[in-house]
Amino acid sequence: VAAGQSLQDVAAGVEDVGLVGRELHGTVGVGQRVGGAAGLDRLDLANDTIQAQAAVFARPGESQAPAEQIQALLLDRSGGLWVGGTLGLRLRPAGATAFQSVDLPAGKAEAVQVWSLYQDEQAQVWVGSRAHGAFRVPASGQGAERIGGEAQGFAALRQSWVHAIGGGAPGEVWLGCYGQG
């Protein structure tokens with residue numbers, strides 16, 4: 001997607017738009033695959049343009065960004081943008097221009113594949129993953145806690161693939177797991 005392309009111009013080339021999340025000031029972030037490449041684009045609805053963002057999961061010093069597939073976007077109450085995908089979780093705090101890595105304690109060397117994000121009434125971000133269950137992360141992005149089996153006060157999850165998260169009554173969070181709904 002070329003910077004400044006109109007929404008109509010790019011629509012024909014999009015293979016799969018996985019998700020859409022609203023940002024501040026009338027813009028929308030879109031996780032997509034275009035022609036086999038994946039990334040994060042910013043749609044400016046007021047000006048009918050799309051701006052490709054720098055690779056969210058790029059590592060400093062590497063000449064080529066790793067293959068990524070973005071699965072989840074969340075704009076938190078403070079204006080921070082959370083991006084989850086096959087290579088883990090990143091946060092761009094409000095007012096920042098760069099993304100930072102959010103460590104999720106999985107006990108394994110491979111990245112946690114993030115599939116869903118939800119912010120509760122206490123501003124904690126809940127993260128659903130493909131093979132590592134769920135995590136609860138403070139709004140700062142530091143000190144993530146794994147939910148189920150290892151965390152005190154929580155029973156083990158029956159499935160480790162949490163693909164949807166939502167809120168209910170105050171103090172209640174729902175986890176949609178593969179094979180359970």
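Each value, and the rule that gives it
Residues numbered from 1 in each chain as written. Predicted model: local features only at pLDDT ≥ 70, side-chain atom pairs only at ≥ 80, totals over all residues. Heavy atoms only, no water. Helix = DSSP H or I, 4+ residues; strand = E, 2+ residues; numbered from the N terminus. Buried < 20%, exposed > 50% of the residue type's maximum accessible area, 1.4 Å probe, protein only. Contact = heavy atoms within 4.5 Å. Areas by Shrake-Rupley, 256 points an atom, 1.4 Å probe, with all protein chains shown as cover. Phe/Tyr/Trp six-rings, centres within 6.5 Å; stacked < 30°, edge-to-face > 60°. Lys NZ or Arg CZ within 6 Å of the ring centre and 35° of its normal. Core = buried A, V, L, I, M, F, W, Y, C linked by side-chain atoms within 4.5 Å. Polar contact = N/O pair within 3.5 Å; in protein donor to acceptor, adjacent residues only side chain to side chain. Salt bridge = Lys/Arg side-chain N within 4 Å of Asp/Glu carboxyl O. Pairing = 2+ DSSP bridges. Axes fitted to C-alpha atoms, helices over the stretch in contact; angles between N-to-C directions.

Let us look at the overall build of the protein. Counting its regular elements, the protein contains one helix and 15 strands. Taking all 181 residues of the protein together, 39% fall into the buried category. Taking contacts inside the protein between residues at least 6 apart in sequence as the whole, the part at least 24 apart equals 39%. Total accessible area on the protein stands at roughly 9,600 Å², and carbon and sulfur atoms take up 49% of it.

The backbone of Asp48 sits at a positive phi, close to 55 degrees, despite the residue not being glycine. Relative to the helices and strands, Asp48 resides in the loop between strand E4 (37–44) and strand E5 (49–52).

Moving on, we come to the packing of aromatic side chains. Taken as a whole and judged by the stated rule, the model has one aromatic pair. Directly above the aromatic system of Trp161 lies the positively charged group of Arg130, at a separation of 4.7 Å from the ring centroid.

With 16 residues, the main nonpolar core has Trp82, Leu89, Val102, Leu104, Leu117, Val127 and Val137 as its most contacted residues. Where this core is concerned, the elements lending two or more residues are strand E6 (70–75), strand E8 (88–92), strand E10 (114–119), strand E11 (125–129) and strand E12 (134–137). Contact partners of Val127, with chain neighbours within four places excluded, come to Leu89, Leu104, Val114, Ser116, Leu117, Gly133, Ala134, Phe135, Val137 and Ile165.

Below, the discussion takes up the side chain of Gln119. Mapped onto the elements of the fold, Gln119 is located in strand E10. We classify Gln119 as buried; its relative accessible area is 9%. Within the local environment of Gln119, its side chain forms a polar contact with the backbone nitrogen of Arg77, the two atoms lying 3.0 Å apart. Separated by 3.2 Å, the side chain of Gln119 and the backbone oxygen of Ala123 make a polar contact.

This part takes up the pattern of salt bridges. In the structure shown here, the tally under the stated rule is one salt bridge. In this structure, the salt-bridge partner of Glu145 is Arg136, at a minimum N-O distance of 2.5 Å. According to the relative accessible area criterion, Glu145 is partly exposed, its value standing at 27%. Arg136 gets classed as buried once you look at its relative accessible area, which sits at 19%.

Let us look at the sheet that holds strand E9 (residues 100–102). One open sheet holds the four strands; their spatial order is E6-E7-E8-E9, and the pairing between them is antiparallel. At either end of the open sheet lies a strand with only one pairing partner, and these are E6 and E9. The mean inter-strand angle of the sheet, taken between neighbouring strand axes irrespective of direction, is 25 degrees.

Taken in spatial order, the four strands line up as E10-E11-E12-E13 in an open sheet, and their pairing is antiparallel. At either margin of the open sheet sits one strand with a lone partner, and together these are E10 and strand E13 (145–147). The sheet shows a mean angle of 25 degrees between the axes of neighbouring strands, taken without regard to direction. Looking at chain direction, E12 and E13 are connected through three bridges and run antiparallel. Paired with Arg136 across the two strands is Glu145, which belongs to E13.

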